[in-house]
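Summary of the model geometry
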Amino acid sequence: MQAYLRSIDRPILVACGFVILILAAGTAYTAITQGTATFLSPTYLLQQLKVASFLGVVAAGMMLVILMGHIDLSVPWTVAASAMLATAIGGPEAIPVGLAVGALVGLFNGLGVAFLRVPSMIFTLGVNTVLRGLMVMLTGGFSPTTMATPPMQFLAKTEVLGIPMAVFVWALLSLGIVFLLTRTPMGRYIYAIGNRESAAYLSGVNTRLVILGGFILCGLCSAVAGILLSGYSSKAYQAMGDPYLLPAIAAVVIGGTNILGGQGRYAGTVVGTILIVLLQSVLSVMQMPEAGRQIIYGLVIILMLVLYGRGGRSTA
């Protein structure tokens, strides 16, 4: 048992401890104020998993980019543009169009970062601004009046055996990410580029294509999140991806992924996502003012990063 615990990254253990602490605090609060342990009910936990699935899909793509030592700040409007164009097209083409938008944005980001060698923070921030301008121009600043298609609503709202379909989508995508990082050459190349891109290049790795592929996958993950979110709310709307950028980055870093690249396990990103969603839920239930929520939210993230520090390199 001790050997197994030692094999788990310290950040993951710390994040799991915080998840248990948050659940205990929320349970105690609801037990005192409402007389019921709401936070331990299966209905509540499944609902939080459903909410976490939206953030988790975004964080999955963000992790791939961060592992390479880059970052994608175009995520907010990639989410929104994919959702808005998918609902605008409608019909059976809606989901493929949404995914295509995400892939194209990722392709453009990858070309700028890998081939033009523009710093990813600057390039993707510019792409995010361009996407926002395009969507405002196409919609006149209003949300599309078209509704999400039945398949989009099915993926976001339907439950199978009592489990939200969105959770299944997140789980399936997670299996794909883990397989990519642990069982494919591209996964090894992603870690190698994050450790030192020049060394990976001299070892024969086509670093430009790997970076390009990583950004395309990040764009696809953002598109999936946009499709799920529009299905959940039955329509797309302006700036629907804005609340997911910083939490996605936080989930990745809280889970132990080095913000400079080369280190991190996907399991940590999953735990970090759940921690952030539960923390937001508990603070909301406690009816804490928005300023107080932001202070506690930020302090928890800082405290966790200070507690676990930086360990050795690890893989998914």
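Residues numbered from 1 in each chain as written. Predicted model: local features only at pLDDT ≥ 70, side-chain atom pairs only at ≥ 80, totals over all residues. Heavy atoms only, no water.

**A word on the overall build of the protein chain**
Counting its regular elements, the protein chain contains 14 helices and two strands. For 316 residues, the compact-globule formula gives about 20 Å, and the C-alpha radius of gyration of the protein chain, at 20 Å, lands near that figure. The C-alpha extent of the protein chain, read off along each of the three principal axes, is 60 × 55 × 40 Å. For the protein chain, buried positions account for 49% of its 316 residues. Taking all contacts inside the protein chain whose residues are at least 6 apart in sequence as the whole, residues at least 24 apart take part in 79%. (Helix = DSSP H or I, 4+ residues; strand = E, 2+ residues; numbered from the N terminus. Rg over C-alpha atoms; globule rule 2.2 N^0.38 Å. Buried < 20%, exposed > 50% of the residue type's maximum accessible area, 1.4 Å probe, protein only. Contact = heavy atoms within 4.5 Å.)

**Points about the environment of Gly162**
As for its placement among the helices and strands, Gly162 is situated in the loop between strand S1 (159-160) and strand S2 (163-164). Among the residues examined, Gly162 registers a relative accessible area of 34% and is labelled partly exposed. Sequence spacing of Gly162 and Tyr297 is 135 residues, and the spatial spacing of their C-alpha atoms is 31 Å.

**Notes on the nonpolar core**
Val57, Met62, Leu181 and Ile249 are the most contacted members of the largest nonpolar core, which has 84 residues in total. Apart from the residues within four sequence positions on either side, Ile249 is in contact with Met62, Ile66, Ile71, Leu73 and Ile259. By size, the runner-up hydrophobic cluster in this structure holds five residues, among which are Ala86, Ala148, Met152 and Ile227. (Core = buried A, V, L, I, M, F, W, Y, C linked by side-chain atoms within 4.5 Å.)

**Description of the packing of aromatic side chains**
In total, this model carries two aromatic pairs according to the counting rule given. Ring geometry for Phe54 and Tyr232: centres 5.2 Å apart, planes at 50°, overall tilted. Of this pair, Phe54 sits in helix H3 (residues 42-67) while Tyr232 sits in helix H11 (residues 207-233), placing them 178 residues apart in sequence. Given the relative accessible area of 2%, Phe54 is considered buried. Given a relative accessible area of 35%, Tyr232 falls into the partly exposed group. Where Phe108 meets Phe123, the ring centres are 5.5 Å apart and the plane angle is 40°; that geometry is what we call tilted. Here Phe123 lies in helix H6 (residues 120-139) and Phe108 lies in helix H5 (residues 94-115), a separation of 15 residues in the sequence. (Phe/Tyr/Trp six-rings, centres within 6.5 Å; stacked < 30°, edge-to-face > 60°.)

**Topic: H11**
Spanning 27 residues, H11 covers 39 Å between terminal C-alpha atoms, matching the ideal 39 Å at 1.5 Å per step. Of all 27 residues that make up H11, 20 are buried, and the element is covered over most of its length. Where H11 terminates, the next one or two residues include Ser234, which has phi positive at roughly 70°. (Expected span 1.5 Å × (residues − 1).)

**A word on the pattern of salt bridges**
Side-chain pairs of opposite charge can arise where the charged atoms are in close proximity. Tallied over the full model, the rule gives one salt bridge. Notably, a salt bridge pairs Glu197 with Arg117, separated by 3.1 Å at the nearest N-O pair. Taken together, the residues span a long stretch of sequence, with Glu197 in helix H10 (residues 197-202) and Arg117 in the loop between H5 and H6 at a distance of 80 residues. When its relative accessible area of 43% is taken as the criterion, Arg117 is described as partly exposed. (Salt bridge = Lys/Arg side-chain N within 4 Å of Asp/Glu carboxyl O.)

**Side note on the side chain of Thr149**
Mapped onto the secondary structure, Thr149 falls in the loop between H6 and helix H7 (150-157). Accessibility expressed as a relative area gives 8% for Thr149, which makes it buried.

**Here we look at a nonpolar patch on the surface**
A cluster of nonpolar residues, Leu104, Leu107, Leu111, Phe115 and Leu209, forms a patch on the protein surface that exposes about 430 Å² of accessible area. With four residues, the single largest contributor to the nonpolar patch is H5. Within the secondary structure layout, Leu209 lies in helix H11. The class for Leu209 is partly exposed, based on a relative accessible area of 48%. (Patch = residues over 30% accessible without salt bridge, like charges linked within 9 Å, V, L, I, M, F, W, Y side chains within 5 Å. Areas by Shrake-Rupley, 256 points an atom, 1.4 Å probe, with all protein chains shown as cover.)

**Focus on the packing of H7 against helix H8 (residues 165-183)**
Packing of H7 against H8 brings their axes to within 5 Å, and their N-to-C directions diverge by 85°. It follows from the interaxial angle that H7 and H8 lie roughly perpendicular. Packed against H7, whose contacting residues are Phe154, Leu155 and Ala156, the element H8 presents Met165, Ala166 and Val169 at the interface. Looking at the contact of H7 with H8 residue by residue, the class counts come to six nonpolar, no polar and no charged. (Axes fitted to C-alpha atoms, helices over the stretch in contact; angles between N-to-C directions. Parallel < 35°, antiparallel > 145°, perpendicular 65-115°, else oblique. Nonpolar A, V, L, I, M, F, W, Y, C, P; charged D, E, K, R; others polar.)

**Points about the packing of helix H4 (residues 75-89) against H5**
One can describe the packing of H4 onto H5 by two numbers: an axis separation of 8 Å at closest approach and a directional angle of 150°. For the element pair H4 / H5, the angle class is roughly antiparallel. Both H4 and H5 take part in a crossing whose hand is right-handed. Listed contacts from H5 to Thr78, Ala81, Ser82, Leu85, Ala86 and Ile89 of H4 are Ala94, Val97, Gly98, Val101, Gly102 and Val105. Among the residues forming the contact of H4 with H5, the class breakdown is eight nonpolar, four polar and no charged. (Left-handed = near helix turned anticlockwise from the far one by under 90°.)

**Quick look at the confidence of the model for the protein chain**
With 93% of its residues at a pLDDT of 70 or more, the protein chain has an overall mean of 88. Within the protein chain, the element-level pLDDT minimum falls on helix H1 (residues 2-7), averaging 50, and the maximum on H5, averaging 97. In this model, residues 310-315 is a region of pLDDT below 50 whose contacts with residues beyond four sequence positions or in other chains number 21 contacts. (pLDDT = per-residue confidence, 0-100.)

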